[in-house]
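Residue-level structural notes
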Amino acid sequence: MARVASRGGGNGRYRPHWPLPLMIKPWAAIACDGGRRIVRSSGRRGTGIRLSDRRLTICHECISDWVIKMKNLIFVTGLAADFGGKPFNFAHYMAIHSAMAVNPGFNTLVYYQYEPTGPYWDLIKPFVTTVETTAPSEIFGNPVTHFAHKADVIRLQALIEHGGVYLDMDTICQRSFEPILCGKTVLGIESAQPGIAQWDSNAAIGLCNATMIAPPGAEFLKIWLDQYRSFDGTKWNEHSVILPVRLARQYPDLVRVEPPESFFWPTCNEDGLKSLFVDDGAFPHAYSIHLWESLSWRYLSQLDYDQVTRIDTAYNRIARRFIHDDAEHLQAIAAAERTARLRQSRATFESIYANNVWGGGSGSGSKPETTEDYRRFLQSFLRDNAIRSVIDFGCGDWGFTHLIDWSGIEYHGYDLVTSVIDANNQRYSTPDIHFNLFEDVSKLPQVDLVICKDVFQHLSNDKVAYFLDHLRSKARLLLVTNDLEPARDLNQDIDDGGWRALRPDQAPFNVPSVIVLSWEIGAGQGAHRKATFLISGSTT
């Protein structure tokens with residue numbers, strides 16, 4: 001049985017009978033005009049949009065009383081104690097906040113078994129109704145083990161009980177759902193391409209359950225839930241995406257199917273993620289956008305007020321509409337988290353230098369005797385490509401870099417380690433050669449070339465992907481160098497300060513790039529190959 005907490009996170013109490021009381025807020029006036037229901041709603045907390053005197057007309061099918069009862073926003077989170085390694089962050093806060101902002105007058109229910117924690121949850125919790133629940137371990141005698149499958153069951157049960165709009169925690173809303181509250185279950189096509197109007201198209205993957213709309217007691221959802229008698233947890237999306245297609249064919253009068261652009265575009269490939277989190281585009285037909293958290297966490301984990309306000313991307317432009325009322329709190333959270341992350345990374349690498357973990361300084365890969373091929377290549381590259389400005393991202397102790405001729409080039413070296421930057425400034429600084437303590441990738445200058453040698457092989461995959469995306473926006477060309485061997489460890493995830501071989505052109509990074517230099521260092525069993533990849537930036 002679910003335990004319902006009072007609004008604002010107060011003491012909860014058990015309610016033996018569902019559904020929860022569903023209320024129209026006192027500031028939402030309902031009137032009827034010629035057989036059509038018109039909702040006139042005044043402004044509400046946290047919209048970032050002026051909503052006073054806004055008129056929202058619902059289609060003629062929706063004039064029965066249950067439309068009022070459909071005005072719920074339902075979220076499910078915290079079904080695993082570790083939250084799947086993805087703690088409640090800015091993106092989750094924005095999922096709830098944006099939905100509330102564009103759907104004034106809707107109740108917001110957040111289900112969880114393990115309550116989220118942290119500053120973003122503290123910020124949104126006073127404005128939602130929390131519902132403590134127990135994630136199912138079985139359904140109709142079939143074991144349910146993965147937390148994603150547990151959430152699939154809970155969302156169906158919650159929508160059947162209450163009606164309304166279910167949204168995954170990795171969504172962002174930009175339009176009201178009022179126009180499609182039509183008395184049927186509403187599902188969206190998940191597709192590899194836009195413009196798909198039929199769910200049985202070859203391009204359609206299925207009908208995704210990450211955003212669903214339904215009236216209380218929806219017959220389609222009851223039939224769907226009953227089909228869990230055949231649930232098999234080894235089939236990942238069988239009951240969440242594939243099954244509803246079969247049911248929609250059997251019961252077409254019970255379901256309305258929206259094109260991919262309504263909920264699920266862009267799609268969940270690298271191009272789709274790039275269009276959301278790197279490119280500055282727009283998705284004007286979307287009510288909500290699914291963010292594909294399992295694939296996009298490298299972006300979502302880095303989001304905060306500063307990123308959203310400083311960098312022009314499709315996601316950031318949508319999120320900006322909703323941050324104004326909470327700006328002061330969000331800025332404070334961003335500053336505290338950025339300081340904590342940077343402090344942790346700085347401490348890791350300062351310890352490495354202080355304890356000579358890499359064999360002294362920046363390691364053997366940065367010695368003059370192991371970099372002859374690289375130095376010769378780099379000198380020619382600077383000349384042949386008319387390079388006049390450079391960022392050296394992770395410049396290290398300049399063990400070999402001082403042998404490069406930087407004449408006519410404005411050089412910016414960045415590193416996390418304070419002692420390294422101080423020593424470099426003392427020994428090598430000139431009017432055109434600058435060394436800076438790294439603080440924020442968004443504050444780096446625009447240059448012709450970014451050099452990143454033997455850095456990414458020591459960073460977690462999330463950070464590598466994040467820095468690759470943002471460094472490409474800072475230059476027209478990037479040269480990224482790392483160890484290629486041993487191949488058995490290639491692109492394995494690590495903690496910051498660890499090590500593994502890395503190729504940016506292979507999964508999970510898949511950045512278009514070509515090898516422009518490859519050479520061997522070391523001898524005997526310690527010999528291994530390094531490679532330099534050329535990557536095109538986004539500036540001209």
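Residues numbered from 1 in each chain as written. Predicted model: local features only at pLDDT ≥ 70, side-chain atom pairs only at ≥ 80, totals over all residues. Heavy atoms only, no water.

The next subject is the side chain of aspartate 448. Along the chain, the position of aspartate 448 falls in strand β20 (residues 447-453). Polar contacts involving the side chain of aspartate 448 include one to the main-chain amide nitrogen of arginine 388, which spans 2.8 Å. Sequence-distant contacts of aspartate 448, defined by excluding residues within four places in its chain, comprise Ala386, Ile387, Arg388, Ser389, Ala475, Arg476 and Leu477. (Helix = DSSP H or I, 4+ residues; strand = E, 2+ residues; numbered from the N terminus. Polar contact = N/O pair within 3.5 Å; in protein donor to acceptor, adjacent residues only side chain to side chain. Contact = heavy atoms within 4.5 Å.)

Confidence along the protein chain averages 85 in pLDDT terms, with 84% of residues attaining 70 or more. For the stretch residues 6-64, pLDDT sits under 50, and the model shows 139 contacts to residues farther than four places along the chain or on other chains. (pLDDT = per-residue confidence, 0-100.)

The next subject is empty space enclosed by the protein. Scanning all chains against the criterion turns up one cavity of 30 Å³ or more. Size it by volume and the largest cavity reaches roughly 100 Å³. Every residue lining the largest cavity is listed: Phe277, Tyr299, Gln302, Leu303, Gln307, Ile311, Thr313, Asn316, Tyr466 and His470. Here the lining of the largest cavity is composed, by residue class, of five nonpolar, five polar and no charged. (1 Å grid on protein atoms, 1.4 Å probe; cavity = no way out; pocket = protein on both sides within 12 Å on 5 of 7 lines; lining within 4 Å. Points joined across faces, edges and corners; volume = space filled by probe spheres on them. Nonpolar A, V, L, I, M, F, W, Y, C, P; charged D, E, K, R; others polar.)

Before going further, it helps to examine the nonpolar core. With 63 residues, the main nonpolar core has Phe75, Phe90, Met94, Ile96, Phe177, Ile213 and Tyr315 as its most contacted residues. What phenylalanine 90 contacts, discounting residues up to four positions off in sequence, is Tyr120, Leu303, Asp304, Tyr305, Val308, Tyr315, Ala319, Ile323 and Leu330. Core analysis: the second largest hydrophobic core is formed by 36 residues, Val76, Val153, Ala158 and Met212 among them. (Core = buried A, V, L, I, M, F, W, Y, C linked by side-chain atoms within 4.5 Å. Buried < 20%, exposed > 50% of the residue type's maximum accessible area, 1.4 Å probe, protein only.)

With their axes 8 Å apart at the nearest point, helix α9 (residues 293-300) and helix α15 (residues 461-472) run at an angle of 65° to one another. Between α9 and α15, the interaxial angle falls into the category roughly perpendicular. Contacts between α9 and α15 involve Trp297, Arg298 and Tyr299 from the former and Asp462, Ala465, Tyr466 and Asp469 from the latter. For the contact of α9 with α15, the residue count by class is four nonpolar, no polar and three charged. (Axes fitted to C-alpha atoms, helices over the stretch in contact; angles between N-to-C directions. Parallel < 35°, antiparallel > 145°, perpendicular 65-115°, else oblique.)

Further remarks concern the pattern of salt bridges. Throughout the structure, instances matching the rule amount to 23 salt bridges. Measuring nitrogen to oxygen at the nearest pair gives 3.8 Å for the salt bridge that ties aspartate 304 to arginine 341. Within this pair, whereas aspartate 304 is found in the loop between α9 and α10 (305-310), its partner arginine 341 is found in helix α12 (residues 327-354), the two being separated by 37 residues in sequence. Arginine 341 sits in the partly exposed class, given a relative accessible area of 29%. Between aspartate 448 and arginine 476 there is a salt bridge whose closest N-O contact spans 3.7 Å. Here aspartate 448, found in strand β20, pairs with arginine 476, found in strand β21 (residues 475-483); they are 28 residues apart in sequence, far enough to count as distant. We classify aspartate 448 as buried; its relative accessible area is 18%. Residue class for arginine 476 comes out partly exposed when judged on its relative accessible area of 25%. (Salt bridge = Lys/Arg side-chain N within 4 Å of Asp/Glu carboxyl O.)

For β21, the buried fraction is high: eight of the nine residues fall into the buried class. Two elements, β20 and β21, share six bridges in a ladder whose sense is parallel. By the bridge assignment, leucine 449 is partnered in β21 with leucine 477. With α15 bridging β20 and its parallel neighbour β21, the resulting β-α-β unit is right-handed. Note: β21 against strand β23 (residues 528-536), seven bridges, orientation antiparallel. (Pairing = 2+ DSSP bridges. Right-handed = clockwise from strand over helix to strand, strands pointing away.)

This paragraph deals with the packing of aromatic side chains. Taken as a whole and assessed by the stated rule, the structure comprises 28 aromatic pairs. With 6.3 Å between their ring centres and 90° between their planes, tyrosine 112 and tryptophan 121 make a pair best called edge-to-face. Of the residues examined, tyrosine 112 reaches a relative accessible area of 3% and is grouped as buried. A ring pair is formed by tryptophan 398 and tyrosine 428, whose centres lie 4.9 Å apart and whose planes are at 45°; its orientation type is tilted. Taken as a pair, tryptophan 398 in the loop between β17 (389-393) and β18 (410-415) and tyrosine 428 in helix α14 (residues 418-428) lie far apart in primary sequence, 30 residues in all. Accessibility expressed as a relative area gives 3% for tryptophan 398, which makes it buried. The class for tyrosine 428 is buried, based on a relative accessible area of 14%. Taken together, Phe177, Phe263, Phe264, Tyr287 and Trp292 form an aromatic cluster joined through their ring pairs. Above the ring of phenylalanine 140, the side-chain terminus of arginine 229 is found at 4.1 Å from the ring centroid. Against the face of tyrosine 374 rests lysine 453, its NZ or CZ located 5.5 Å from the ring centre. (Phe/Tyr/Trp six-rings, centres within 6.5 Å; stacked < 30°, edge-to-face > 60°. Lys NZ or Arg CZ within 6 Å of the ring centre and 35° of its normal.)

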